[in-house]
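Listed below, chain by chain, are the residues.
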Amino acid sequence: MKKRFIVRSLLLTIGFSMLGACSTTPTRATHLSSERSLIQWPLLSPSLWAQDMSVQQLLTIQAGGQQHQVQAILDISPQAVHLVILKFGRRLVTIEHTDAGTRVDKDAYVPDFIDARQVLQDMQLVYVPQATIQSTLPEQCGISVQSLPDDSTGERRTIQCAGQTVYQIDTRMVNGLSATQLNNTRVPYTIQIDTLQVQP
């Protein structure tokens, strides 16, 4: 699995180039990046993601009145979750998350708008099954899922805590690939996750 991930990472780095400090943290819990956060989100065991695939993505991040685009490779297996974030083909961040912990390798010039662990936390809210997310949320929080108002085939995940919406995550299919808009209303920021390719 790790060999497959490295090969795909290199191929995507080359592909995006043509287009245009290290730390370890515990697995169970990590904070949102804002001091205004009132809850803790766990980084779940890779086996709980219930996925086995590699996804190439374009991420559009809007926060603080600014917009940034980066590329990403998300590789999920029952043993590990790997995430690579690139900008113009340059690798900025590599994350390896296993049951033993979370390892983050950063380029020295990672932009301030990229919080690697936050991106991984947000990814699991998109891909992990609803029931699993619900079982790990704090007591005052809950997740609901319903169809999109303008697209019955799409899905809206809403996470509320103490009666206030924290996340709204809309996913729809566009030309056979998923497009997700994740809104964190607490911080706030928005990430548009456009899938470019999926490999099982």
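Note that the coordinates shown come from a computational prediction; the quantities given were computed from them, not determined experimentally.

**A closer look at the overall build of the chain**
Across its full length, the chain holds three helices and 13 strands. For the chain, the exposed surface amounts to about 10100 Å²; the carbon and sulfur share of it is 52%.

**Topic: the state of the cysteines**
Throughout the structure, instances matching the rule amount to one disulfide. What pairs with Cys141 in a disulfide is Cys161, and their sulfur atoms sit 2.0 Å apart. Because the torsion about its S-S bond is 115°, the bridge between Cys141 and Cys161 counts as right-handed. Of this pair, Cys141 sits in strand β9 (residues 141-148) while Cys161 sits in strand β10 (residues 151-161), placing them 20 residues apart in sequence. Exposure class is identical for Cys141 and Cys161. Each is buried.

**Here we look at the side chain of Thr132**
By the secondary structure assignment, Thr132 is in helix α3 (residues 130-136). With sequence-adjacent residues up to four places away left out, Thr132 is seen in contact with Leu44 and Leu48.

**Things to note about the pattern of salt bridges**
Counted under the stated rule, the structure contains six salt bridges. Its salt-bridge partner being Arg172, residue Asp151 comes within 3.7 Å of it at the nearest N-O pair. Taken together, the positions of Asp151 in strand β10 and Arg172 in strand β11 (residues 164-174) put the pair 21 residues apart, joining distant regions of the chain. Its relative accessible area of 17% is what places Asp151 among the buried residues. The exposure class assigned to Arg172 is partly exposed, which follows from its relative accessible area of 28%.

**Some words on the environment of Pro200**
You can see Pro200 is positioned in the segment after β13 (189-199). Once the C-alpha coordinates of Pro200 and Ser54 are considered, the two residues, 146 residues apart in sequence, prove to be 6.3 Å apart.

**Concerning the nonpolar core**
Formed by 43 residues in total, the largest nonpolar core has its most connected members in Trp49, Val93, Tyr127 and Tyr167. When near neighbours in sequence (up to four residues on either side) are disregarded, Val93 contacts Leu83, Val84, Ile85, Val104, Asp105, Lys106, Val110, Ile114 and Ala116.

**Focus on the environment of Gln192**
Topologically, Gln192 is positioned in strand β13. The spacing of Gln192 and Leu182 is ten residues in sequence and 6.3 Å in space, taken between C-alpha atoms. Within the local environment of Gln192, its side chain forms a polar contact with the side chain of Asp194, the two groups lying 3.1 Å apart.

**Quick look at the side chain of His82**
Mapped onto the elements of the fold, His82 is located in strand β6 (residues 81-87). The class of His82 is buried, set by a relative accessible area of 4%. A distance of 3.1 Å separates the side chain of His82 from the side chain of Glu96, its partner in a polar contact.

**Observations concerning the confidence of the model for the chain**
Of the residues in the chain, 80% reach a pLDDT of 70 or more, and the chain-wide mean stands at 82. Contacts from residues 5-38, a stretch scored under 50 in pLDDT, to residues over four places away or in other chains number 77 contacts.

How each quantity is defined
Residues numbered from 1 in each chain as written. Predicted model: local features only at pLDDT ≥ 70, side-chain atom pairs only at ≥ 80, totals over all residues. Heavy atoms only, no water. Helix = DSSP H or I, 4+ residues; strand = E, 2+ residues; numbered from the N terminus. Areas by Shrake-Rupley, 256 points an atom, 1.4 Å probe, with all protein chains shown as cover. Disulfide = S-S within 2.5 Å. Buried < 20%, exposed > 50% of the residue type's maximum accessible area, 1.4 Å probe, protein only. Contact = heavy atoms within 4.5 Å. Salt bridge = Lys/Arg side-chain N within 4 Å of Asp/Glu carboxyl O. Core = buried A, V, L, I, M, F, W, Y, C linked by side-chain atoms within 4.5 Å. Polar contact = N/O pair within 3.5 Å; in protein donor to acceptor, adjacent residues only side chain to side chain. pLDDT = per-residue confidence, 0-100.

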